[in-house]
Amino acid sequence: MRVLVQRVSSAAVAVDGRVVGAIHPESQGLLAFVGVTHSDDPDKVRRLAEKLWNLRILADERSAADIDAPILVVSQFTLYADTAKGRRPSWNAAAPGAVAEPLVAAFAEALRGLGAHVETGVFGANMQVELVNDGPVTVILEL
């Protein structure tokens, strides 16, 4: 599992022109793009959720857990693109939807279980993501 995290002052994800998840401008939060690979399992999901929740990348070296910052979780299989050869990425390292979807949902649920306010995109949908990256701060989490 690979999570690309951006510290944001606002973010929104829309499907078919309708906002389905957002971090509103009045609160700093985290936008987490989540990619799943074939070897991922519920234990890795839980550990990455804990890592994200406690990651000190918000203002004054605080974590989302410290300030109850909202988290927007968006599935993104393209995090596993292999661009080593040619001009067309290979997606072979990305888990198929039937494997990835429940693990992305479990990631969001694990964050909620830790106390996070979590909003999500729609798995497999064509999503439009708008964000204001604060800092900018962008970090990749992997175990």
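The structure we're discussing is the one just above.
Cut-off values and rules
Residues numbered from 1 in each chain as written. Predicted model: local features only at pLDDT ≥ 70, side-chain atom pairs only at ≥ 80, totals over all residues. Heavy atoms only, no water. Helix = DSSP H or I, 4+ residues; strand = E, 2+ residues; numbered from the N terminus. Rg over C-alpha atoms; globule rule 2.2 N^0.38 Å. Buried < 20%, exposed > 50% of the residue type's maximum accessible area, 1.4 Å probe, protein only. Contact = heavy atoms within 4.5 Å. Areas by Shrake-Rupley, 256 points an atom, 1.4 Å probe, with all protein chains shown as cover. Lys, Arg positive; Asp, Glu negative; His and termini not counted. Charge placed at Lys NZ, Arg CZ, Asp CG, Glu CD. Core = buried A, V, L, I, M, F, W, Y, C linked by side-chain atoms within 4.5 Å. Pairing = 2+ DSSP bridges. Salt bridge = Lys/Arg side-chain N within 4 Å of Asp/Glu carboxyl O.

Draft legend 1. A look at the overall build of the protein chain. Looking only at helices and strands, one finds three helices and six strands in the protein chain. The N-to-C order of helical and strand elements in the protein chain reads β-β-β-α-α-β-α-β-β. What you see for the protein chain is a C-alpha radius of gyration of 15 Å, in line with the 15 Å of a compact globule of 143 residues. With the C-alpha coordinates of the protein chain rotated into their principal frame, the extents come out at 40 × 35 × 25 Å. Taking all 143 residues of the protein chain together, 43% fall into the buried category. At a minimum sequence separation of 6, the contacts of the protein chain that also span at least 24 residues come to 74%. If you sum the accessible surface of the protein chain, you get close to 7600 Å²; carbon and sulfur atoms cover 50% of it. With 13 positive and 17 negative side-chain charges, the protein chain shows a spacing of 8 Å between the two charge centroids.

Draft legend 2. Geometry of the nonpolar core. Within the largest apolar cluster, 30 residues are counted, with the highest numbers of intra-cluster contacts made by M1, V3, L52, I71, F107 and L111. If one sorts the elements of this core by residue count, helix α3 (residues 97–113) sits on top with six residues. When sequence neighbours within four positions are dropped, the list of residues in contact with V3 reads A32, F33, V34, L48, F107, V139, I140 and L141. Formed by twelve residues, the second largest nonpolar core is a distinct cluster that contains V8, A11, V15 and F33.

Draft legend 3. Fine view of the pairing of strand β3 (residues 29–35). Counting buried positions over the seven residues of β3 gives seven, a clear majority of the element. Residues G29, L31, F33 and G35 point to one face of β3 and L30, A32 and V34 to the other, with burial holding for every one of them. Pairing analysis gives seven bridges linking strand β1 (residues 2–15) to β3, with the strands arranged antiparallel. Within β3, the residue paired with V3 across the bridge is V34.

Draft legend 4. Region of the structure containing the environment of D41. Within the secondary structure, D41 is located in the loop between β3 and α1 (42–54). In this structure, the C-alpha to C-alpha distance between D41 and V129, residues 88 residues apart in sequence, is 27 Å.

Draft legend 5. Highlighting the pattern of salt bridges. Enumeration over the complete set of coordinates arrives at eight salt bridges. Measuring nitrogen to oxygen at the nearest pair gives 3.5 Å for the salt bridge that ties D134 to R7. With D134 in strand β6 (residues 127–142) and R7 in strand β1, this residue pair connects regions lying 127 residues apart in the sequence. Note on D134: relative accessible area 25%, which makes it partly exposed. R7 gets classed as buried once you look at its relative accessible area, which sits at 13%. The shortest N-O distance in the salt bridge between E50 and R46 comes to 3.3 Å. A residue pair is termed a helical-turn pair when its members lie 3 or 4 positions apart in one helix, as E50 and R46 do in helix α1 at four residues. On the accessibility criterion, E50 (31% relative accessible area) is partly exposed.

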